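Residue-level structural notes
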Amino acid sequence: MSLRSGNVVAFPTETVYGLGADISQPQAIQKIFEIKGRPSSHPLIVHFANLSELEFWAENIPATAWILAQHFWPGPLTLILTKSNHIPLSVTGGQETVGLRIPRHPIALKLLEQLGSCKALAAPSANRFGFVSPTIADHVKNAFNDKIEVILDGGPCEVGLESTIVSCIDKDVTILRPGGISVLSIENLLQQKVSVKSQNKIRTPGSLSSHYATATPLEICQSSESLFSRSFDLLQQGIRTAVIIRSTHLIPMLNSDDKFHYILMPNDPVAFGKDLYATLRKLDDANFERILVEAPPDDLEWLAVADRLSRASYSFTSK
Ligand code: TXA
Ligand code: MG
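Cut-offs applied
Residues numbered from 1 in each chain as written. Chains lettered and ligands numbered in written order. Predicted model: local features only at pLDDT ≥ 70, side-chain atom pairs only at ≥ 80, totals over all residues. Heavy atoms only, no water. Axes fitted to C-alpha atoms, helices over the stretch in contact; angles between N-to-C directions. Helix = DSSP H or I, 4+ residues; strand = E, 2+ residues; numbered from the N terminus. Parallel < 35°, antiparallel > 145°, perpendicular 65-115°, else oblique. Left-handed = near helix turned anticlockwise from the far one by under 90°. Contact = heavy atoms within 4.5 Å. Core = buried A, V, L, I, M, F, W, Y, C linked by side-chain atoms within 4.5 Å. Buried < 20%, exposed > 50% of the residue type's maximum accessible area, 1.4 Å probe, protein only. Arc of directions from axis to C-beta. Phe/Tyr/Trp six-rings, centres within 6.5 Å; stacked < 30°, edge-to-face > 60°. Lys NZ or Arg CZ within 6 Å of the ring centre and 35° of its normal. Domains from an automatic or database assignment. Buried area = accessible area lost by both parts, 1.4 Å probe. Pairing = 2+ DSSP bridges. Near = heavy atom within 4 Å. Polar contact = N/O pair within 3.5 Å; in protein donor to acceptor, adjacent residues only side chain to side chain. Areas by Shrake-Rupley, 256 points an atom, 1.4 Å probe, with all protein chains shown as cover. Nonpolar A, V, L, I, M, F, W, Y, C, P; charged D, E, K, R; others polar.

**Examining the packing of helix α3 (residues 63-72) against helix α6 (residues 183-190)**
The interhelical angle for the contact between α3 and α6, taken along N-to-C directions, is 120°, at an axis separation of 10 Å. Compared by their axis directions, α3 and α6 come out oblique. For the pair α3 and α6, the sense of crossing is right-handed. Only Ser 185, Ile 186, Leu 189 and Leu 190 of α6 make contact with α3, whose side of the interface consists of Thr 64, Ile 67, Leu 68, His 71 and Phe 72.

What follows is the structure in structure tokens.
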């Protein structure tokens, strides 16, 4: 198996494609950082297959973490816990905590099972550092060409956004990255309010505001009216513009031509999240000069989508 010989393997998970390396092989971990162009201080998520091994990988596991793990694993949830000494510091960016997850994609689980018991894969999203995560195997192929020996193709990812990261280190349960599992479903399960780290004060080193960027500057328009007038302004300036809308009432006012293109996305947070990255990549490849997005509703169910869009828009607003 390629992983046992210290190679990096790209594989599908239900969230996004990951770039996996056996955590017991330091040179394989090193390769991940090199291939992605990611600073070594940015911790990697450790993926494993069996809940019975949670105590092998983590220490001082609080009751809330057990409840979350039992309910949501295998699935798009990453728990931040105190690491055991089986986790090398090179994987956690030198921190004493570790992000752990049991993915539910059958190929990911099979790979982990074949790797063996008490073995795990460090796997960041299989994109270059700072760019949008891959949701089909071709995204990985295009980003890395021949730098990865094996890319396992599992078709399009079911969730399409990264896992929800929940810190269970302090007494409180804190969402560090909204994602495939909604805040509401976590609160309902735990029967308590959880805090969501505001974007400006995010503690995870990988959560720089400029993460998940598109190459094309992206602007969020707060209403369908402002999107309509902004696209009109841009077209007047001769700027090739693509817009992503949810409101069907805009359609009669929009006509796609060679300078302007609109995409109607589902008005449902789960379906929208599944298509988001692939849509952004398509628009990037189509060489538009600007992408406008109708803002998602200010609603907890849309939090993960809103988070990724605002990070993608950073490249524009920061200039
Ligand atoms: O859905 C996912 O989580 C995907 C798939 C492949 O599993 N993986 C993923 O990994 O998104 P990556 O490396 O692209 O993002 C990991 C995030 C980073 O923001 C990192 O800072 C955070 O997890 N993280 C990892 N370990 C951490 C720790 N010990 N404390 C705080 N944040 C941590
Ligand atoms: Mg990533």
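**Describing the nonpolar core**
Judged by nonpolar contacts, the single largest core of 59 residues is most densely connected at Leu 79, Leu 100 and Ile 186. Not counting the four nearest positions on each side in its chain, Ile 186 is found in contact with Leu 68, Phe 72, Leu 77, Thr 164, Val 166, Ile 175, Ile 181 and Val 194. Of all hydrophobic cores here, the second largest spans 22 residues; its members include Leu 161, Leu 283, Phe 288 and Val 293.

**Quick look at helix α4 (residues 106-115)**
Inspection of α4 places Ala 108, Leu 109, Leu 111, Leu 112 and Leu 115 among the buried residues, and these make up the whole buried set. All buried residues of α4 fall inside an arc of 160° around its axis, so they share one side. Across α4 from its buried face, at more than 90 degrees, point the exposed residues Pro 106 and Lys 110. Against β1 (9-11), β3 (45-47) and β7 (121-122) lie the buried residues of α4. Two residues or fewer past α4, Gly 116 is found with a positive phi of approximately 115°.

**Comments concerning the packing of aromatic side chains**
Aromatic ring pairs: the centre-centre distance and the angle between the two ring planes describe each pair. The final tally for this structure, using the stated rule, is four aromatic pairs. Ring plane angle 85° and centroid distance 5.7 Å describe the contact between Phe 48 and Trp 73, whose orientation is recorded as edge-to-face. Taken together, the positions of Phe 48 in the loop between β3 and α2 (54-57) and Trp 73 in the loop between α3 and β5 (77-83) put the pair 25 residues apart, joining distant regions of the chain. With relative accessibility at 8%, the residue Trp 73 sits in the buried group. For the pair Phe 56 and Trp 57, a centre-to-centre distance of 4.8 Å together with 85° between the ring planes defines the contact as edge-to-face. Phe 56 sits in the partly exposed class, given a relative accessible area of 24%. Put simply, the rings of Phe 48, Phe 56, Trp 57 and Trp 73 touch in pairs and so form one group of aromatic residues. Lying over the aromatic face of Phe 288, Arg 240 brings its terminal NZ or CZ to 4.8 Å of the ring centre.

**Let's talk about the domain arrangement of the chain**
When cut into domains, the chain gives domain 1 (9-196) and domain 2 (218-317). Centre-to-centre, using C-alpha coordinates, domain 1 lies 29 Å away from domain 2. Each side of the interface is counted separately: domain 1 has 22 residues, and domain 2 has 13 residues. Between domain 1 and domain 2, a total of about 1,500 Å² is buried, with carbon and sulfur atoms accounting for 62% of that surface. When the buried area of domain 1 at its contact with domain 2 is split by residue, Val 132, Leu 161 and Pro 178 rank highest and sum to 38% of it.

**Notes on the pairing of strand β6 (residues 97-101)**
Most of β6 sits out of view: four of its five residues are buried. Relative to β6, β5 runs antiparallel, the two being bridged by four bridges. Bridge assignment links Leu 79 to a residue of β6, and that residue is Leu 100.

**Quick word on the sheet that holds strand β14 (residues 260-264)**
Ordered by their spatial adjacency, four strands build an open sheet running β12-β15-β13-β14, and the pairing between neighbours is parallel. Across the chains shown, the open sheet's two edge strands, defined by having one partner strand only, are β12 (218-221) and β14. In this sheet, neighbouring strand axes are inclined to one another by 20° on average, regardless of whether the strands run parallel or antiparallel. Both strand β13 (residues 241-245) and strand β15 (residues 290-294) contribute to a ladder of four bridges, which runs parallel. Residue Val 243 lies in a different strand from β15, and its bridge partner there is Leu 292. Packing against the sheet, helix α7 (residues 224-236) makes contact with β12, β13, β14 and β15, and its axis sits at approximately 165° to β15.

**Quick notes on the site of ligand 1**
Taken together, 23 residues are adjacent to ligand 1, and Thr 15, Arg 38, His 47, Ser 125 and Ser 163 come closest. A distance of 2.8 Å separates an oxygen atom of ligand 1 from a polar side-chain atom of Arg 38. In the complex, 98% of the free accessible area of ligand 1, which totals 680 Å², lies under the protein chains. When contributions to the shell around ligand 1 are tallied by element, the ones reaching two or more residues are β3 and β6. With four residues, the single largest contributor to the shell around ligand 1 is β6. Taken together, the residues of the shell around ligand 1 break down into nine nonpolar, 10 polar and four charged.

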